[in-house]
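Below are the chains, spelled out letter by letter.
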Amino acid sequence: MTLLFALLGGLAVAIATAAAQTEEVDPYLGIPVGGGPIDAGPVPAGIDAIDAASCGACHEQHAREWAASAHRTAFTNAIFQAEFEPHRRPYCQRCHAPRGEPSAGVDCAVCHVRDGAVLNPTISGRAPHAGRVAPLDGTLACARCHDFAFESQPDLGLQRTVQEWVGSRHHDTPCQGCHMPRRGRARSHRFPGGLDPGLLEHAIRVEARAVSEGSRTRLTLTMSTDAAGHAVPTGDIFRRLEVTAWPVAAPARRERVQRWRRFRVDRAGWHEREDQRVPETGERTVEVILDGVADRVGYRVDLWRTSPLRARHRGWPLRDVRRRLRAGTVRVEPATRR
Ligand code: HEC
Ligand code: HEC
Ligand code: HEC
Ligand code: HEC
Ligand code: HEC
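Residues numbered from 1 in each chain as written. Chains lettered and ligands numbered in written order. Predicted model: local features only at pLDDT ≥ 70, side-chain atom pairs only at ≥ 80, totals over all residues. Heavy atoms only, no water.

**Description of the site of ligand 3**
Turning to step 1, where the next piece is worked out: Among the 24 residues in the neighbourhood of ligand 3, the closest are listed as Cys175, Cys178, His179, His230 and Arg239.
Turning to step 2, where the next piece is worked out: A distance of 2.8 Å is found between a nitrogen atom of ligand 3 and a side-chain nitrogen or oxygen belonging to His179.
Turning to step 3, where the next piece is worked out: Within the side chain of His230, an N or O atom sits 2.8 Å from a nitrogen atom of ligand 3.
Turning to step 4, where the next piece is worked out: Within the residue set of the shell around ligand 3, elements represented by two or more residues are α7 (161-166), α8 (175-179) and α9 (197-201).
Turning to step 5, where the next piece is worked out: Its residues assigned to classes, the shell around ligand 3 comprises 14 nonpolar, 9 polar and 1 charged. (Near = heavy atom within 4 Å. Polar contact = N/O pair within 3.5 Å; in protein donor to acceptor, adjacent residues only side chain to side chain. Helix = DSSP H or I, 4+ residues; strand = E, 2+ residues; numbered from the N terminus. Nonpolar A, V, L, I, M, F, W, Y, C, P; charged D, E, K, R; others polar.)

What follows is the structure, given as structure tokens:
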């Protein structure tokens, strides 16, 4: 089967994709799982248009929250543009601006409009527009973009958030349980994520231990997920953890280590060497060695959206790329003799 579609916006290209015969189709949205351009279909009866501003004329607060969300800026934000610009591949637009108009990003109709109906888990009967019940839950409404393989390697997950969630102890809580907090009868459309201090505050648990080893001090952090329904960090492969440690008496003597999904790239493609994130179940241990003796050691665990080097090179302000996950101090235990 060949799918032909046109992507509008600055690119104005049409590409043909030979879809695999075994292609999995989302039963509710009728689109291939794993990303693809979205045709929302005809405008539902009862309204004039399906762009966010038109929906927002009646759903003012939803529109305001969405306008401040990462979905709104999915295509226009600087970190995406830095990766997109060199190649401008239409493939990227499938998830970052799937209805063609770059500045619209992931807009209302991407999640809510198909075949002349507004989709929602419940239909009130009070809306002027035609409606149809659809769960819009994580495995369906979110998975097509938040869980997918490398374009050239269908067996290697690039983002695995939904699979991680399925394997986590929070799998009874749908994505929106944490990412669309309730406000009255409605749910927030700001979609807080990896930059939201409230969400990050309880994302992971950390147990710290520091031991003196003669002329060195060894800090060991044992980390596990707490209020995160997937690995931390989840999502994009640029995300990483950074552990910083220092003797409390000499903060300038700090050391840093970083942990992320490490890949090797060769002519055959990408290969995952090691997944060093805090896993959705179990623990991740990270050690930092400090030269010299210390009584107390301070530590901080940060989540970076991209590599610190890249952020500095591009001039991206820290507040856009780094958030603190946890911090503390720990007393150094004397060396144990064997
Ligand atoms: C002319 C006003 C108007 C426009 C335009 C409008 N809506 Fe609605 N919508 C409503 C009203 C009124 C309700 C019912 C709210 C309630 O239950 O109190 C509603 C309900 C909904 C619901 C909940 C399901 C239901 O049927 O009760 C969703 C989802 C929704 N709208 C999405 C959208 C989207 C997406 C757009 C743009 C494509 C849109 N609406 C455009 C007035 C509008
Ligand atoms: C059409 C594709 C698409 C769909 C469907 C989609 N998302 Fe997203 N989402 C994105 C993209 C792309 C971004 C990244 C924006 C950026 O930072 O460039 C994003 C960002 C987010 C973020 C913010 C991440 C951060 O660190 O700020 C959260 C949270 C999120 N999505 C949750 C969800 C949930 C929950 C659903 C299902 C109800 C969903 N998304 C459906 C494409 C999608
Ligand atoms: C039990 C609560 C919980 C559930 C359920 C949950 N998340 Fe999260 N999510 C978090 C927390 C906490 C963070 C912040 C830590 C992090 O970034 O990993 C987060 C971060 C994210 C991010 C931003 C990652 C980054 O840093 O770039 C995305 C995207 C996301 N979640 C998507 C999803 C999707 C999609 C689902 C459903 C399949 C889901 N989440 C289910 C709690 C949850
Ligand atoms: C990334 C997907 C996504 C986008 C984009 C999105 N919504 Fe929603 N919306 C949802 C989900 C999921 C629910 C259902 C939450 C639930 O009931 O579990 C929802 C629910 C609603 C509801 C019902 C009331 C409520 O808050 O539960 C309205 C109205 C609505 N959305 C309007 C909009 C409008 C207007 C826009 C654009 C400005 C928009 N949505 C963009 C996913 C999305
Ligand atoms: C199948 C859907 C999908 C496709 C295709 C896709 N992305 Fe993404 N991308 C996402 C989602 C979802 C996120 C947000 C996850 C998170 O917050 O960690 C994201 C995040 C990103 C980010 C991080 C943005 C930020 O704000 O930090 C960059 C950069 C990025 N994508 C680049 C690309 C490029 C370049 C392409 C094309 C080669 C591409 N993406 C194709 C779904 C997709």
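**Digging into the coordination of the iron atom of ligand 3**
Turning to step 1, where the next piece is worked out: Here the iron atom of ligand 3 is held by the protein donor atoms His179 (NE2) and His230 (NE2), which lie 2.0 Å from it.
Turning to step 2, where the next piece is worked out: With relative accessibility at 24%, the residue His179 sits in the partly exposed group. (Donors = N, O, S within 2.8 Å, 3.2 Å for Na, K, Ca; no water. Buried < 20%, exposed > 50% of the residue type's maximum accessible area, 1.4 Å probe, protein only.)

**Remarks on the pattern of salt bridges**
Turning to step 1, where the next piece is worked out: For the coordinates displayed, the defined rule picks out 19 salt bridges.
Turning to step 2, where the next piece is worked out: A salt bridge links Asp107 to Arg99; its shortest N-O distance comes to 2.7 Å.
Turning to step 3, where the next piece is worked out: Among the charged side chains, a network of salt bridges with common partners joins Arg160, Glu164, Arg261, Glu272, Asp275 and Arg277. (Salt bridge = Lys/Arg side-chain N within 4 Å of Asp/Glu carboxyl O.)

**Digging into the sheet that holds strand β13 (residues 255-259)**
Turning to step 1, where the next piece is worked out: Spatially, the 7 strands line up as an open sheet ordered β13-β12-β17-β18-β10-β11-β16, and their pairing is mixed. The open sheet is flanked by β13 and β16 (284-291), the only strands paired with a single partner. Recorded for the sheet is a direction-independent mean angle of 20° between the axes of neighbouring strands.
Turning to step 2, where the next piece is worked out: Strand direction decides the pairing type here: strand β17 (residues 296-304) and strand β18 (residues 322-333), joined by 9 bridges, are antiparallel. Within the sheet, the bridge partner assigned to Val297 lies in β18 and is Val330. (Pairing = 2+ DSSP bridges. Axes fitted to C-alpha atoms, helices over the stretch in contact; angles between N-to-C directions.)

**Some points on the pairing of strand β4 (residues 117-120)**
Turning to step 1, where the next piece is worked out: Bridge count for strand β3 (residues 113-114) against β4 is 2 bridges, and the pairing is antiparallel. Bridging across to β4, Val113 finds its partner in Val118.
Turning to step 2, where the next piece is worked out: Counted between consecutive antiparallel strands, the loop separating β3 from β4 contains 2 residues, among which Asp115 sits at a positive phi close to 45°.
Turning to step 3, where the next piece is worked out: Pairing of β4 with strand β5 (residues 131-133) involves 3 bridges; the strand directions are parallel. Each residue of the ladder has a partner; that of Asn120, found in β5, is Val133.

**Notes on the sheet that holds β5**
Turning to step 1, where the next piece is worked out: Spatial ordering of the open sheet is given by β3-β4-β5, a layout of 3 strands whose pairing is mixed. Two strands in the sheet have a free side with no partner beyond their single neighbour: β3 and β5.

**Examining the site of ligand 2**
Turning to step 1, where the next piece is worked out: Close to ligand 2 lie 21 residues; His71, Asn77, Cys142, Cys145 and His146 are nearest.
Turning to step 2, where the next piece is worked out: Within the contact set of ligand 2, a nitrogen atom lies 2.8 Å away from a side-chain nitrogen or oxygen of His71.
Turning to step 3, where the next piece is worked out: Arg305 places a polar side-chain atom, nitrogen or oxygen, 3.1 Å from an oxygen atom of ligand 2.
Turning to step 4, where the next piece is worked out: Taken together, the elements giving at least two residues each to the shell around ligand 2 come down to α4 (90-96), α6 (138-146) and α8.
Turning to step 5, where the next piece is worked out: It is α6 that contributes the most residues to the shell around ligand 2, 5 residues altogether.
Turning to step 6, where the next piece is worked out: Residues of the shell around ligand 2, tallied by class, amount to 12 nonpolar, 7 polar and 2 charged.

**Considering unusual backbone geometry**
Turning to step 1, where the next piece is worked out: With an omega of -5°, the peptide bond between Val232 and Pro233 qualifies as cis.
Turning to step 2, where the next piece is worked out: A positive phi is found at Arg88, a non-glycine position, where the angle reads about 45°.
Turning to step 3, where the next piece is worked out: Here Arg88 shows up in the loop between α3 (78-84) and α4.

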